[in-house]
Amino acid sequence: MNNKAQLLLKQYYGYDTFRPGQETMIHHVTSGHHALGVMPTGGGKSLCYQIPGLLLEGTAIIISPLISLMKDQVDALNNYGIAATYINSSITYEEQRDRLEKMYEGRYQFVYVAPERFESPDFLRLARSIQLSLIAFDEAHCISQWGHDFRPSYRSIVATLDQIPNLPPLLALTATATKAVIQDIQRLLNISDKHVVNTGFARNNLHFQVVKGMNKHDFLLSYIRNRSHESGIIYAATRKDVDSIHAFLSKQKVKVARYHAGMSEQERKDAQQSFIQDELPVMVATNAFGMGIDKSNVRYVIHYAIPMNLESYYQEAGRAGRDGLESDCVLLFAGQDVHLQKFLIEQSLMNEEKKQQEYDKLQKMVNYVHTNRCLQRYMLDYFSDPHDINDCGKCSNCKDESEKEDVTREAQMILSCVKRMDERFGSGMVAKVLKGSKVKKVLDFKLDKLSTYGLMSKHTEKDILDLIHYLTADGFLQQEDAKFPVLKLTPSSIGVLKGQEKVFVKRLKLSRPMETNVDKDLFEELRQVRKIFAEEKGLPPYIIFPDSTLKDMCLRLPKSSEEMLAVNGVGDRKLREYGHEFLRVIIAHVEKKKSIEV
Ligand code: ADP
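None of these values were measured; they are calculated from a predicted model.

Q: How should I be thinking about the pairing of strand S10 (residues 256-259) in this particular structure?
A: In regular strands, side chains alternate between the two faces of the sheet. Taken together, the four bridges between S10 and strand S11 (residues 282-285) define a ladder with parallel strand orientation. From the neighbouring strand, Tyr 259 faces S11, where its bridge partner is Ala 285. Tracing the backbone out of S10, into helix H12 (residues 265-276) and back to the parallel element S11 gives a crossover that is right-handed.

Q: Help me understand the sheet that holds S11 in this model?
A: In a beta sheet, neighbouring strands are held together by backbone hydrogen bonds and run either parallel or antiparallel to one another. The six strands are arranged S8-S13-S12-S9-S11-S10 in an open sheet whose pairing can be described as parallel. Among the strands making up the open sheet, the edge pair consists of strand S8 (206-212) and S10. Put simply, the sheet's adjacent strands are angled 15° from each other on average, direction ignored. Summarising the sheet, S8 and strand S13 (residues 327-333) pair through seven bridges and their orientation is parallel. Paired with Val 211 across the two strands is Leu 332, which belongs to S13. Contacts from helix H11 (residues 239-251) reach strand S9 (231-235), S10 and S11 within the one sheet, and its direction differs from that of S10 by about 170°.

Q: Please explain the site of the ligand as it appears in this structure.
A: Looking at the ligand, there are 14 residues lining it, with Thr 17, Gly 42, Lys 45, Ser 46 and Arg 322 nearest. A distance of 3.1 Å separates an oxygen atom of the ligand from a polar atom in the side chain of Arg 19. Within the side chain of Ser 46, an N or O atom sits 2.7 Å from an oxygen atom of the ligand. Out of a free accessible area of 570 Å², the ligand has 86% covered by protein chains. For the shell around the ligand, the leading source of residues is helix H3 (residues 45-55), giving three residues. Tallied by class, residues from the shell around the ligand come to four nonpolar, seven polar and three charged.

Q: Help me understand the environment of Leu 340, please; the structure alone is not making it clear to me.
A: Mapped onto the elements, Leu 340 comes out in helix H14 (residues 337-347). Taking the C-alpha atoms as reference points, Leu 340 and Met 308, separated by 32 residues in sequence, lie 9.5 Å from one another. Setting aside residues up to four positions removed in sequence, Leu 340 forms contacts with Ala 237 and Thr 238.

Q: Quick question: what am I supposed to make of the sheet that holds strand S7 (residues 196-198) here?
A: Taking strand neighbours across the sheet as the criterion, the seven strands line up as S3-S4-S2-S5-S6-S1-S7 in an open arrangement whose pairing is parallel. At either margin of the open sheet sits one strand with a lone partner, and together these are strand S3 (84-87) and S7. In this sheet, neighbouring strand axes are inclined to one another by 15° on average, regardless of whether the strands run parallel or antiparallel. Contacts from helix H4 (residues 67-79) reach S3 and strand S4 (110-113) within the one sheet, and its direction differs from that of S3 by about 165°.

Q: How should I be thinking about the side chain of Ser 133 in this particular structure?
A: For Ser 133, the position within the fold is in strand S5 (residues 132-137). Here the side chain of Ser 133 touches Ala 60 through a polar contact of 3.2 Å, landing on its backbone nitrogen.

Q: Sorry if this is basic, but what is going on with the pattern of salt bridges here?
A: All chains considered together, the criterion is met by 39 salt bridges. In this structure, Arg 187 and Asp 184 form a salt bridge, with 2.9 Å as the shortest nitrogen-oxygen distance. Of this pair, Arg 187 and Asp 184 are both found in helix H9 (residues 179-189), three residues apart, which corresponds to roughly one turn of the helix. Since its relative accessible area comes to 57%, Arg 187 is described here as exposed. On the basis of relative accessible area, Asp 184 is assigned to the buried category, the value being 4%. The partner of Arg 322 in a salt bridge is Asp 294, and the shortest N-O contact between them spans 2.9 Å. Here Asp 294 lies in the loop between S11 and strand S12 (298-303) and Arg 322 lies in the loop between helix H13 (310-317) and S13, a separation of 28 residues in the sequence. Judged by its relative accessible area of 26%, Arg 322 is partly exposed.

Q: Even after reading the chapter, I still don't get H11, so can you show me in this structure?
A: Two residues of an α-helix separated by three or four positions point the same way, owing to the 3.6 residues in each turn. Between its terminal C-alpha atoms H11 stretches 18 Å, which fits the 18 Å expected from 13 residues at 1.5 Å a residue. Taken together, the buried positions of H11 are Val 242, Ile 245, His 246, Phe 248 and Leu 249. Looking down the long axis of H11, one finds its buried residues gathered within 165° of arc, a one-sided arrangement. Of the exposed residues in H11, the ones pointing more than 90 degrees away from its buried face are Lys 240 and Lys 251. Contacts made by the buried residues of H11 are with helix H10 (216-225), S9, S10 and S11. Lys 253 sits one or two positions beyond H11 and adopts a positive phi of about 70°.

Q: Even after reading the chapter, I still don't get the packing of aromatic side chains, so can you show me in this structure?
A: Counted under the stated rule, the structure contains 20 aromatic pairs. For the ring pair Phe 219 and Tyr 223, a centre distance of 5.6 Å and an interplane angle of 25° mean the geometry is stacked. With Phe 219 and Tyr 223 both in helix H10, this residue pair falls four residues apart, about one helical turn. In terms of burial, Phe 219 and Tyr 223 fall into one category: buried. For the pair Tyr 382 and Phe 383, a centre-to-centre distance of 5.2 Å together with 80° between the ring planes defines the contact as edge-to-face. Given a relative accessible area of 22%, Tyr 382 falls into the partly exposed group. The residue whose ring lies beneath Lys 216 is Tyr 304, and the NZ or CZ to ring-centre distance is 5.0 Å. The ring centre of Phe 275 lies 5.1 Å from the NZ or CZ of Lys 295, which sits over that ring.

About the thresholds
Residues numbered from 1 in each chain as written. Predicted model: local features only at pLDDT ≥ 70, side-chain atom pairs only at ≥ 80, totals over all residues. Heavy atoms only, no water. Pairing = 2+ DSSP bridges. Helix = DSSP H or I, 4+ residues; strand = E, 2+ residues; numbered from the N terminus. Right-handed = clockwise from strand over helix to strand, strands pointing away. Axes fitted to C-alpha atoms, helices over the stretch in contact; angles between N-to-C directions. Contact = heavy atoms within 4.5 Å. Near = heavy atom within 4 Å. Polar contact = N/O pair within 3.5 Å; in protein donor to acceptor, adjacent residues only side chain to side chain. Areas by Shrake-Rupley, 256 points an atom, 1.4 Å probe, with all protein chains shown as cover. Nonpolar A, V, L, I, M, F, W, Y, C, P; charged D, E, K, R; others polar. Salt bridge = Lys/Arg side-chain N within 4 Å of Asp/Glu carboxyl O. Buried < 20%, exposed > 50% of the residue type's maximum accessible area, 1.4 Å probe, protein only. Expected span 1.5 Å × (residues − 1). Arc of directions from axis to C-beta. Phe/Tyr/Trp six-rings, centres within 6.5 Å; stacked < 30°, edge-to-face > 60°. Lys NZ or Arg CZ within 6 Å of the ring centre and 35° of its normal.

Put into structure tokens, the structure is as follows:
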């Protein structure tokens, strides 16, 4: 059986090896057992039911609470040449009838439905009368009232299962499940301990980073400009922030979309579509965005402000790198952002006990920002991951040692300048004085007469400003009034000025190495080919081929159909459908390069 599974993996999906847990899950289900898979986002849960669905006789029913994801999943299956459909409220009644009829005729191998569908007697009758290969519960944590996203309609399916004769194997899949939720799912679906596959939550391709004390706009701009073709999400805490970041980036000619609950449904739909199609590769959004987005090539998720708890953070940040390629999760931290979260908790309608729980969770989130431990491990401990975990070696803390820099002398210059300016000016003016700027305001206030004027003339004004932000973030300076942020010294400043305390800063070196071995021009050409196919078919580009497949093409430079089939992610069907056009472009690119070199 496993040999067959391996063959299907190659033939349909174009992959050579299974990801952790996939093979065991497939084995449990094809041997007729109910099974539960707890695997991280991007771990490849879909294959755990798709391959058994292909191997077993009959139709597989996939229950998913995320209607918006169904079309994507079905498009992806059809694109592999597999008969699949979805039945939900987004299609007309006539269309629903038509698909139900075809389902009755056994024309689909996979049918996606929302939990509510099981409340329809017609659907239940149909499910009882056809041969089912399996029933999969996607996002299975929603079935448990201990989960963070409980759906009563999901749970009520359990009672209806009794009415299905010859019940096929049930398969539950989730990326977020505490011990209590796992036990609840097992009990409800009658899954024995030996058929639970828990690979943990670790995401080895994610580079977690905390960035403190940087000018956030500057950071965003330089970060995005360094990765202009990459797709990313920026999460902001409020609609107002979303609008202002969006306006700022648009003005800087970044191709950026925005999404928040204050926009009309059509506006949100359009924004989401342009992001998914890679037309606007950057999305600025509140946390209203993301549920039901399956875009696999999100290369970074930046949090512009601290979220309320680690559950939300891990879920939102985890939308990066579903395709397994190296991706960043950056949290931009400024102390004052915590006040907003406290305010939101205070203003909420929760009872006192629940509020206290939320404060505790927020505190753990804040501790994440300050911890010196491996960031990935910190989170996995928080989620009680059952595995022995090593430091990730990729997060900003694991990378930290080499990046610490002693800036005590520069800090002293800045602090004494603040003092000499009588603690009456903001960071911009302090930087100008230290730089030795001749702008009118400096001269008007006779700040050019100060002994600290021009003291840091060898540094750029921006570097001085960055350092001031670091000093503010680490409590060596404070800004008292948010409207007129005048810099003041703090008790810690005195220690530095007296030479009793040293100041170290992390010069931010982005830890994800830019990929150097991939030919950027070729990658871009292949992206264009993919875009044309995507437009032609009305599909998201990553469903045609994920980024990982295009990169593998750039590395392998296939010259024939056989060599193309060796590329990770190219199966028989996709080779026939798209392979030749990609092959043509690769061969032409290689030829062109050769002729230039000669
Ligand atoms: P999940 O539902 O667990 O978040 P998906 O099933 O959407 O993850 O899979 C994430 C990505 O990984 C998809 O692009 C999928 O094609 C790819 N993938 C799944 N299994 C494998 C595998 N064995 N080898 C390579 N890529 C895989």
